[in-house]
Amino acid sequence: GGGGGVVLSDLNCFYPLWYQKRLALGLMARDTVLISVGRLDKNKNNSTLIKAVALCNNQSVHLVICGDGEERDFLSNLARELGVGPQIHFLGNRSDMKDLYAMADIFVIASYREGLSRSLMEAMASGLPCVTSDIRGNRDLIQNGKGGFLSSCNDVSGFSEAISRVVEGLEIRLKMSEYNLEKIKDFDIWVVEKQIEEIYQVVMGG
């Protein structure tokens, strides 16, 4: 008789949604959660992110990867080989990205090629500091040292150092969050539509 545990769903009413998401993944409020979004293929270069997490040598740093693809097994095996299997979370394709961004602390992306990354813009609009590869598209959105840090695609130590700086610097994190919330306004659909309209007026002679 008696005994038994507490069912997580019974506690949901006591916790904000972002924390419920963490609990569902076995994460705590004190953990630092990195989030990456996109297809698990060679272009997204998630192996660099996993290696960077391993190099951080900090068990409270967790990487949540949203998306699926042909590299999932390879990446999962890599995480285990590097001793960070429990810190890498493969969530597959999700329909609750807004809540997952709210759950996270830092957005990371190490792609070799991007246009204007939708996931990066969503992360900025969620107020996340961003550690990204130093490529066209990412550079248009992230100014190094302002909204985040830029590193060469395969520079594992560069990514690791940048992640650690944001993890350890609460003031840096807050400033980057504020910067990105303001910067992303430049890419609001109404701003972009107005700019396109002005271009057409010039081209067509007013």
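Preceding block: the structure.
From a predicted model like this one, the values you see are computed outputs, not experimental measurements.

Reading the values: rules and limits
- Residues numbered from 1 in each chain as written.
- Predicted model: local features only at pLDDT ≥ 70, side-chain atom pairs only at ≥ 80, totals over all residues.
- Heavy atoms only, no water.
- Helix = DSSP H or I, 4+ residues; strand = E, 2+ residues; numbered from the N terminus.
- Contact = heavy atoms within 4.5 Å.
- Buried < 20%, exposed > 50% of the residue type's maximum accessible area, 1.4 Å probe, protein only.
- Axes fitted to C-alpha atoms, helices over the stretch in contact; angles between N-to-C directions.
- Parallel < 35°, antiparallel > 145°, perpendicular 65-115°, else oblique.
- Left-handed = near helix turned anticlockwise from the far one by under 90°.
- Nonpolar A, V, L, I, M, F, W, Y, C, P; charged D, E, K, R; others polar.
- Salt bridge = Lys/Arg side-chain N within 4 Å of Asp/Glu carboxyl O.
- Pairing = 2+ DSSP bridges.
- Core = buried A, V, L, I, M, F, W, Y, C linked by side-chain atoms within 4.5 Å.

Undergrad: Please set out the side chain of Lys44 residue by residue, giving values where relevant.
TA: Among the secondary structure elements, Lys44 is positioned in the loop between β1 (32–37) and α3 (46–56). If sequence neighbours within four positions are ignored, Lys44 has contacts with Gly38, Arg39, Ile109, Ala110, Ser111 and Glu114.

Undergrad: Got a sec to walk through unusual backbone geometry? Specific residues and values, please.
TA: With a phi close to 55°, Asn45 is a non-glycine residue in the positive phi region. You can see Asn45 is positioned in the loop between β1 and α3. A positive phi angle, close to 55°, is found at Asn57, a residue other than glycine. On the secondary structure map, Asn57 appears in the loop between α3 and β2 (61–66). What makes Asn57 exposed here is its relative accessible area of 71%.

Undergrad: Any details on the packing of α3 against helix α4 (residues 72–81)? Residues and values, ideally.
TA: α4 packs onto α3 with a crossing angle of 15° between their chain directions and a minimal axis gap of 10 Å. Judged by the inter-axis angle, α3 sits roughly parallel to α4. For α3 against α4, the interelement crossing comes out right-handed. Counted together, Asn46, Ser47, Ile50 and Lys51 of α3 and Phe74, Leu75, Leu78 and Ala79 of α4 form the full contact between these two elements. Residue classes in the contact of α3 with α4 are distributed as five nonpolar, two polar and one charged.

Undergrad: So what's going on with the pattern of salt bridges? Which residues, and what values?
TA: The tally for this structure, following the rule as stated, stands at twelve salt bridges. A salt bridge links Arg22 to Asp105; its shortest N-O distance comes to 2.8 Å. Of the two residues, Arg22 sits in helix α2 (residues 17–24) while Asp105 sits in the loop between α5 (97–103) and β4 (106–109), which places them 83 residues apart along the sequence. The pair formed by Arg22 and Asp105 is uniform in burial state, with each residue classed as buried. Arg139 is paired through a salt bridge with Asp134; the nearest N and O atoms lie 3.1 Å apart. The exposure class assigned to Asp134 is partly exposed, which follows from its relative accessible area of 35%. Shared partners join several salt bridges into a network, and the residues in it are Lys21, Arg94 and Asp96.

Undergrad: Residue-level account of the sheet that holds strand β3 (residues 88–92), with values.
TA: Sheets are built from strands that pair by backbone hydrogen bonding, the pairs being arranged parallel or antiparallel. The sheet built from six strands is open, its strands ordered β3-β2-β1-β4-β5-β6 with parallel pairing. Looking along the sheet, the strands with just one partner apiece sit at the ends: β3 and β6 (148–151). For this sheet, the mean inter-axis angle between neighbouring strands, taken without regard to orientation, is 20°. The strands touched by α3 are β1, β2, β3 and β4; relative to β2, the strand with the most contacts, the crossing angle is about 165°.

Undergrad: Before we move on, could you go through the nonpolar core and cite the residues and values that matter?
TA: Core analysis: the biggest nonpolar cluster contains 27 residues, and Leu34, Ile50, Leu63, Ile88, Val108, Val131 and Ile163 have the highest contact counts within it. Elements with a minimum of two residues in this core: α3, β2, α4, β3, β4 and α8 (156–168). Excluding anything up to four places from it in sequence, Ile163 contacts Leu34, Ala52, Cys56, Ile106, Val108 and Val131. Core analysis: the next-biggest nonpolar cluster, separate from the first, contains 24 residues, Ile109, Met124, Ile142 and Ile184 among them.

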